[in-house]
Structures are given as structure tokens and as C-alpha cells.
Amino acid sequence: MKLLFKNRTKYSKKVYNEYLNFHRNKYNLSYKFYTIIVALLLFFCIGMQVKYHYYSLAILLCVIFTCFILWRLFRPVYEVKKEYQSKKIADEQTFIFKFYENCFVITNKLQYSKVRYFKLYKIFETADFFYLYIDKEHAFLVDKNGFTFGSAEEFSKFIHKKCLFKYKNEIS
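Just so you know, these numbers come straight off a predicted model, no measurement behind them.

Q: Any details on the sheet that holds strand E8 (residues 147-149)? Residues and values, ideally.
A: Spatially, the five strands line up as an open sheet ordered E4-E3-E2-E1-E8, and their pairing is antiparallel. Looking at the sheet topology across the chains shown, the edges are occupied by strand E4 (112-116) and E8. Pairwise comparison of adjacent strand axes, ignoring direction, gives a mean angle of 20 degrees for this sheet. One ladder, built from six bridges, connects strand E1 (residues 5-10) with strand E2 (residues 94-99); its direction is antiparallel. Of the residues in E2, the one forming a bridge with Phe5 is Phe99. Of the strands in this sheet, E1, E2 and E8 are in contact with helix H4 (residues 152-162), which crosses E1 at around 110 degrees.

Q: I'd like a rundown of helix H2 (residues 55-85), residues and numbers included.
A: Helical periodicity: at 3.6 residues per turn, an α-helix aligns residues three or four positions apart in one direction. The end-to-end C-alpha distance of H2, which contains 31 residues, comes to 44 Å, matching closely the 45 Å that a straight helix rising 1.5 Å per residue would cover. Of all the bends in H2, the greatest, near 30 degrees, is centred on Phe74, and the proline Pro76 appears no more than four residues after it. Along H2, the positions that sit buried rather than exposed are Ala58, Leu61, Phe68, Arg72, Arg75, Val80 and Glu83. Buried residues belonging to H2 abut helix H1 (13-51) and helix H3 (87-90).

Q: Run through the pattern of salt bridges, naming residues and quoting values.
A: The tally for this structure, following the rule as stated, stands at six salt bridges. Of the charged contacts, one joins Glu170 and Lys26 as a salt bridge, the two residues approaching to 3.0 Å between their closest N and O atoms. Of the two residues, Glu170 sits in the segment after strand E9 (167-169) while Lys26 sits in helix H1, which places them 144 residues apart along the sequence. A salt bridge links Glu137 to Arg75; the shortest N-O distance between them is 3.1 Å. Here Glu137 is found in the loop between strand E6 (129-133) and strand E7 (139-143), whereas its partner Arg75 is found in helix H2, with 62 residues between them in sequence. With relative accessibility at 14%, the residue Arg75 sits in the buried group.

Reading the values: the criteria
- Residues numbered from 1 in each chain as written.
- Predicted model: local features only at pLDDT ≥ 70, side-chain atom pairs only at ≥ 80, totals over all residues.
- Heavy atoms only, no water.
- Pairing = 2+ DSSP bridges.
- Helix = DSSP H or I, 4+ residues; strand = E, 2+ residues; numbered from the N terminus.
- Axes fitted to C-alpha atoms, helices over the stretch in contact; angles between N-to-C directions.
- Contact = heavy atoms within 4.5 Å.
- Expected span 1.5 Å × (residues − 1).
- Bend = angle between axes of the 7 residues up to and from the residue.
- Buried < 20%, exposed > 50% of the residue type's maximum accessible area, 1.4 Å probe, protein only.
- Salt bridge = Lys/Arg side-chain N within 4 Å of Asp/Glu carboxyl O.

In C-alpha cells form, the structure reads like this:
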């Protein structure tokens, strides 16, 4: 495999906070919308059960409704807290990204991962980073200033071609 790009990105609290701000701005509205729709549907179901005197089912739906709301409120806080305490953020680990024609490889002192481009969920380019999302909640952060082989501009063109419908340029 021929190496096309190489990048070194240091994960720190500052970098992670920048990612969190971007992620919230991008997905917070849809997250809240989904939560409100499901909550309204559950509330409607509870109301219908009370109207037709199925109180045991109404109580069960109230428990489900409460668990759903608590899950949607506290799980994101727990996830962020867990990330802050992870070794990659707390120890400010450096990740090396090596990009090849069909895949890219992420390494640090302890881990090695290989990801094919078609498995990426979305790619966002900002002024300072490329966010390579592997699902709706998790992304690899690639610092534009961290390219040791190739450049950020060339990488932008390359990743845009590889992931044509998944790539979005967010530079404003």
C-alpha cells in the first residue's frame, strides 16, 4: 500500500471541547427534535390509556416516559465525562493517521485500527480540523496542522473524492 497522507493529531481537552461545540451545533437540533417527538407520542399514549381506564398500562408508559427523558438528558453528560477521563484526553495522547488509497490506519502507543472509507458516516471539514465520523456520535479528529506527509488542502480534495456524498465543508 502506498502512503498518500500522514497526520499526527494530539487529543487534548481543548481539541475535544472544540469538537463538542461543533458536534452540538451540528446535531443538537435533531437530537432535541427526536426527543420531543418521542416524548409527545409517549405522552399521547399515556393520555389514551388513562382515558380508557387502563391504569396499569398508563403507569408502565409513565415509567418508560421517565426513563426515556432521563436517558436523553443524562447519557450525553455521562459520555462526555467518560471521554474526559479516558486516557486519550487525560494523557493527551497523539494519534498517527496514515491514509492510503482504500483505507486509513490509526495508531498510538497501544492501538492499531484500520478503517475503510466507505464505512465512514460523514466527513466535516472546519477551519482547523477534519472530523471523520464513524457513526452519529463518534468521530476521528484530524488536525489540519498535523500533516507530516501531504497537505491539508490535498487531503481535502482526496477525501472529498473518496466520500463524495458524505463530505461537507463547514469553513465559514
